[in-house]
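Architecture at a glance
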Amino acid sequence: MTTKTKPAAKPQSTAVPGEQRVGRGQNDLQSLPMPEFEKQLESSPDGLSLAEAQQRLAQYGPNEIAEKKLNPLLKLLTYFWGPIPWMIEVAAILSMLVRHWTEFFIILVLLVANAVVGFWEEYQAGNAIAALKARLALQARVHRNGTWTTIAARELVPGDVIRVRLGDILPADARLLAGDPVEVDQSALTGESLPVNRKSGEVVYSGSIIRQGEVDALVYGTGRNTFFGKTAQLVEEAHTVSHFQRAVLKIGDYLIVLAVALVVLILAVALFRGDQMVTTLQFALVLTVAAIPVAMPTVLSITMAVGARVLAAKQAIVSRLAAIEELAGIDVLCSDKTGTLTQNKLTLGKPFTVAGTAADQIVLSAALASRAEDQDPIDLAVLSGVKDGQHLEHYHVTHFQPFDPVHKRTEATVTSPEEKTFKVTKGAPQVIQALATNATEVSAAVEKAVDGFAARGFRSLGVARTDEQGQWQFLGVLPLYDPPREDSQTTIATAQQMGVAVKMVTGDQLAIGKEIAKQLGLGTNILDAGAFEETKYHE
């Protein structure tokens, strides 16, 4: 289907099509009814034509966060600019004026060595980062000219229709078209360790990962107009002077003031005593040269370059040499929780069991109601909790009903090694209880267990199995959580011994934050971000 092509907007515009025509923001595009949403984007579920896509690519630019790249020669010249380089350059000029050629060439070599060492280390780091980005470049399946094709994600434009499936990283902000619901992992953006369900018409953000399902989506935000892009732009605009730079500037300012004061004093004394001005000026020049720390920048650069090499051997890329000293001088380390302090992997906790039911039986029943090939995080967590994986091979699943947002549970029909057939199910505890014939007897205990798990930030999963009469019997509750990494507690303790206060930052639930902080020795004094709304920046 060919849609109407929109007149070209001004080159500097970064709005999406709907914003330019009616002044709507992206928040409006997220909430518009789908027919009006498609109208604003001047697109449809059939996607764009190749000509329209090329026009919009020229209009809005590539789907990437553009980096400001400096010419390598200009980058090299920046190492000759600044208070300390100025002092060294003045020293070289003064040495040349008084014809102290040996000192002149020594100072010149030190000045050039400092620039070359710093430039080369950062240039190599830049190349390593560029190679890493090229290797991780995303591809996208897009519907153009009536056919599906795979293109580089940077070529996506607002109005494109893309298809995302299990394991895909969302290449742009989009809204889901008609189809089955999908599970989306937004932990990289929100810190929420558990996937969320998204259905037709709802928004999915660039950088999220599809954990279950397959669906088409209509792109509305690319590049800097995505949720991720706006966040990256805020970080990019936060220009700060490092502790290292402040220290060097302070030393330079101190030496400049000291040198000027001594020269003024020497000139005043010479005038008072009637000394020859030529001899006095030569002495003042020598004093000025001696007061300038010509070797300091070179020594600092070489020292940090050695540190960069050590870090490179540990698979760490240092993009700026000054960052090494900055990291060494931190007092407070703010760390993300999901995937940094924790494994970003759901794990089974100790289950709650109904009287007369063994914990292994609950886990086995839940595992039979799971399917590894779906790669669902909850199913994988349950399957990993089975002590003997080969035991599952003795059972034959004749029918499997996957999870869906309506029924909120999975179900399987199973044949045991004894040729007996039964059913197992797992899902939301209240849904499983509604099926069970023993719900009344276990209701109070189950509710208490679920509340207890919730207070610790755990997600609860009810499990049931049919008896010989085909009646559902509630077996217990499985707690799921994202456990800390094995080395997190040791690393935090080491940092604290070095005088670094570690703070955990997360977008996850408050109860989960408290539980993880308690396990890692960070205390349980967790503050909600809303408490900082009225706080001034300097506080």
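The structure presented is a predicted model; accordingly, all values stated were derived computationally and were not measured.

About the thresholds
Residues numbered from 1 in each chain as written. Predicted model: local features only at pLDDT ≥ 70, side-chain atom pairs only at ≥ 80, totals over all residues. Heavy atoms only, no water. Salt bridge = Lys/Arg side-chain N within 4 Å of Asp/Glu carboxyl O. Helix = DSSP H or I, 4+ residues; strand = E, 2+ residues; numbered from the N terminus. Buried < 20%, exposed > 50% of the residue type's maximum accessible area, 1.4 Å probe, protein only. pLDDT = per-residue confidence, 0-100. Contact = heavy atoms within 4.5 Å. Arc of directions from axis to C-beta. Core = buried A, V, L, I, M, F, W, Y, C linked by side-chain atoms within 4.5 Å. Phe/Tyr/Trp six-rings, centres within 6.5 Å; stacked < 30°, edge-to-face > 60°. Polar contact = N/O pair within 3.5 Å; in protein donor to acceptor, adjacent residues only side chain to side chain. Pairing = 2+ DSSP bridges. Axes fitted to C-alpha atoms, helices over the stretch in contact; angles between N-to-C directions.

Take the pattern of salt bridges next. Applying the stated criterion across every chain, the model contains 14 salt bridges. A salt bridge links E515 to R456; the shortest N-O distance between them is 3.7 Å. Of the two residues, E515 sits in helix α20 (residues 510-519) while R456 sits in the loop between α18 (439-455) and β16 (459-466), which places them 59 residues apart along the sequence. On the accessibility criterion, E515 (9% relative accessible area) is buried. Between R485 and D487 there is a salt bridge, and its shortest N-O distance comes to 3.6 Å. Residue R485 is classed as partly exposed on the basis of its relative accessible area, which comes to 37%. Among the charged side chains, a network of salt bridges with common partners joins R409, E411 and K423.

We now examine the confidence of the model for the protein chain. This prediction gives the protein chain a mean pLDDT of 79; 85% of its residues lie at or above 70. Confidence, expressed as mean pLDDT per element, reaches its minimum in the protein chain at helix α1 (residues 17-22) with 40 and its maximum at strand β15 (residues 421-427) with 93. The low-confidence segment residues 1-24 (pLDDT under 50) makes 57 contacts with residues lying over four places distant or belonging to another chain.

Quick look at helix α4 (residues 50-60) now. Of the positions making up α4, those classed as buried are E52, A53, R56, Q59 and Y60. Mapping the buried residues of α4 onto a view down its axis gives an arc of 125°, with all of them on the same face. Away from its buried face, by an angle of more than 90 degrees, α4 presents the exposed residues A51 and A58. The positive-phi residue at the C-terminal boundary of α4 is G61, with phi of around 85°.

Here we take up the nonpolar core. A general trend in soluble globular proteins is that nonpolar side chains are found buried together. By size, the foremost hydrophobic cluster in this structure holds 26 residues, and its most contacted members are L368, V382, V414, V424 and L478. Every element with two or more residues in this core is listed here: α15 (359-368), α16 (377-384), β14 (409-415), β15, β16 and β17 (472-481). In terms of residues, this core owes the most to one element, α15, which gives six residues. Not counting chain neighbours up to four residues away, the residues in contact with V424 comprise S365, L368, A369, T410, E411, A412, V414, A464, R465 and W472.

Two aromatic rings are characterised by how far apart their centres lie and by the angle between their planes. The tally for this structure, following the rule as stated, stands at seven aromatic pairs. With 6.3 Å between their ring centres and 25° between their planes, F453 and F458 make a pair best called stacked. With a relative accessible area of 10%, F458 lands in the buried category. Consider the rings of F458 and Y481, whose centres lie 4.7 Å apart with planes at 20°: the pair is stacked. With F458 in the loop between α18 and β16 and Y481 in strand β17, the pair connects residues that are 23 residues apart, well separated along the chain.

Tracing the backbone through its elements, the reader meets T466 in strand β16. Assessed through its relative accessible area of 10%, T466 is described here as buried. At a separation of 2.8 Å, a polar atom in the side chain of T466 contacts the main-chain amide nitrogen of K423. With residues near it in sequence (within four places) discarded, T466 still touches F422, K423, Q471 and W472.

What follows deals with the sheet that holds strand β6 (residues 196-198). Sheets are built from strands paired through backbone hydrogen bonds, the pairs being either parallel or antiparallel. Here we have three strands laid out as an open sheet, ordered β6-β5-β8, and antiparallel in their pairing. Sheet topology places β6 and β8 (209-212) at the edges, where each strand pairs with a single neighbour. The sheet shows a mean angle of 45° between the axes of neighbouring strands, direction not considered. Bridging between strand β5 (residues 182-185) and β6 involves three bridges; their strand directions are antiparallel. If you follow E183 over to β6, its bridge partner there is N197.

Glancing now at the environment of L32. Note that L32 resides in the loop between α2 (26-31) and α3 (34-41). Taking C-alpha positions, L32 is 9.0 Å from G201, a pair spaced 169 residues apart along the chain.

Although it is not a glycine, E42 adopts a positive phi angle of roughly 50°. By relative accessible area, E42 is classed as buried at 13%. The residue E419 is not glycine, and still its phi comes out positive at about 65°. Position of E419 relative to the elements: it lies in the loop between β14 and β15. Exposure remark for E419: the relative accessible area of 64% places this residue in the exposed category.

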